[in-house]
Amino acid sequence: QPSTIMGGHGGGRMRIGWVGVGVMGRHMAGHLMAAGHELSVFSRTASKCAPLVEAGARLASSPMDAAYGADAVFTMVGAPSDVEQVTLGGGGVLEALEPGSLLIDCTTSTPSLAQRVAAAAAGKGVLALDAPVSGGDVGAEAASLSIMCGGSDEAMGGSGYLLDLLGSRVLHMGPAGAGQHTKMCNQILAANNMLGVCESLRYASAAGLDADAVVRAVGAGAAGSWAMNNLGHKVVANDFAPGFMIEHMAKDLGIAVSEAERLGLELPGLANARRLYDALLAAGHGRDGTQALVLALDSPTNPA
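Residues numbered from 1 in each chain as written. Predicted model: local features only at pLDDT ≥ 70, side-chain atom pairs only at ≥ 80, totals over all residues. Heavy atoms only, no water.

A.B. asks: Is there a simple way to think about the overall build of the protein in this case?
C.D. replies: Helix and strand counts for the protein come out as 13 helices and 9 strands. Compactness check: the protein gives a C-alpha radius of gyration of 20 Å against a globular reference of 19 Å for 304 residues, within 12% of the reference. By principal-axis analysis of the C-alpha atoms, the protein measures approximately 65 × 45 × 35 Å. Expressed as a percentage of its 304 residues, the buried residues of the protein come to 51%. When contacts within the protein are restricted to residue pairs at least 6 apart in sequence, those whose partners lie at least 24 apart make up 67%. On the protein, roughly 12700 Å² of surface is accessible, and the fraction owed to carbon and sulfur atoms is 54%. (Helix = DSSP H or I, 4+ residues; strand = E, 2+ residues; numbered from the N terminus. Rg over C-alpha atoms; globule rule 2.2 N^0.38 Å. Buried < 20%, exposed > 50% of the residue type's maximum accessible area, 1.4 Å probe, protein only. Contact = heavy atoms within 4.5 Å. Areas by Shrake-Rupley, 256 points an atom, 1.4 Å probe, with all protein chains shown as cover.)

A.B. asks: It is not clear to me how the packing of helix H8 (residues 178-206) against helix H10 (residues 226-236) should be interpreted in this structure. Could you clarify?
C.D. replies: The description of two packed helices rests on the angle between their axes and on the distance between the axes. Between H8 and H10, the least distance of the axes is 10 Å, while the angle of their chain directions is 45°. Classified by the angle between their axes, H8 and H10 sit oblique to one another. Between H8 and H10 lies a crossing of right-handed hand. Counted together, Asn 193, Met 194, Val 197, Cys 198, Ser 200 and Leu 201 of H8 and Ala 227, Met 228, Leu 231, Gly 232, Val 235 and Val 236 of H10 form the full contact between these two elements. (Axes fitted to C-alpha atoms, helices over the stretch in contact; angles between N-to-C directions. Parallel < 35°, antiparallel > 145°, perpendicular 65-115°, else oblique. Left-handed = near helix turned anticlockwise from the far one by under 90°.)

A.B. asks: Can you walk me through the packing of H8 against helix H11 (residues 246-262) in this structure?
C.D. replies: Look at H8 against H11: their axes get within 9 Å of each other, and the N-to-C directions meet at 115°. The two elements H8 and H11 meet at a crossing, and its hand is left-handed. Contacts between H8 and H11 pair His 181, Met 184, Gln 187, Ile 188, Ala 190 and Ala 191 from the former with Met 249, Asp 252, Leu 253, Ile 255, Ala 256, Glu 259 and Arg 262 from the latter. Taken together, the residues that form the contact of H8 with H11 break down as 8 nonpolar, 2 polar and 3 charged. (Nonpolar A, V, L, I, M, F, W, Y, C, P; charged D, E, K, R; others polar.)

Set out below in structure tokens:
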């Protein structure tokens, strides 16, 4: 049985399951451990859990195993199909979570799936929150993420203490699915910002400017952005090491396009960004960081 009923938890030691240990998830899970919580961790690639296990986490054999006896379970996996599998599927966390526990999904997924997960969780007395994050590996490591939450007031109240350990801004955006809709707003903006950074710096190079100096000059002004200040120098250096991978951005933009169409919106900037990221994905750049978008500008029809 969970050690507490979660609403209004006062900050004591908790048993937490964590499913999905990727570039960001490993840092986020580490912050919970550093705060004194007891973690059980699961990843399809068990070796990714090694640093957390060495720090004292228990290696779980399945999502359901990670959820046994947990006060709260976090999921942060790759795609909506993965969310569905680890939450609603056979051997998923909802098969083990007890009434009064929390299910917090930090994956960028679809609003409709977030609503389905919340409904299934409610049927078991579990409080569910869709809580996608923004800030990349830098924000995950620094615990400075922006966390956009959808769910009931009770779920938000029970989750806030934990989410505050992971982010500098945690906002309740509305009912189940509202966190995912907010993340779509974020991804539309992030994709277009990254395109602007790449175009700006290609212009700088073509004009014979010191592109690194342009990053510093522009980044301090009204056109400055997180993308320019954190990734601009990487674009200049052709450093495509990922903080956030193209394969994940392409997935997110696909969701955004589908949601926009469902809402009757025509968003040309979103459509163009999706086309360019899809081209990079098809050219084998899925595991590169989103700043590799510059390659699509060099050869928009066939990025190398």
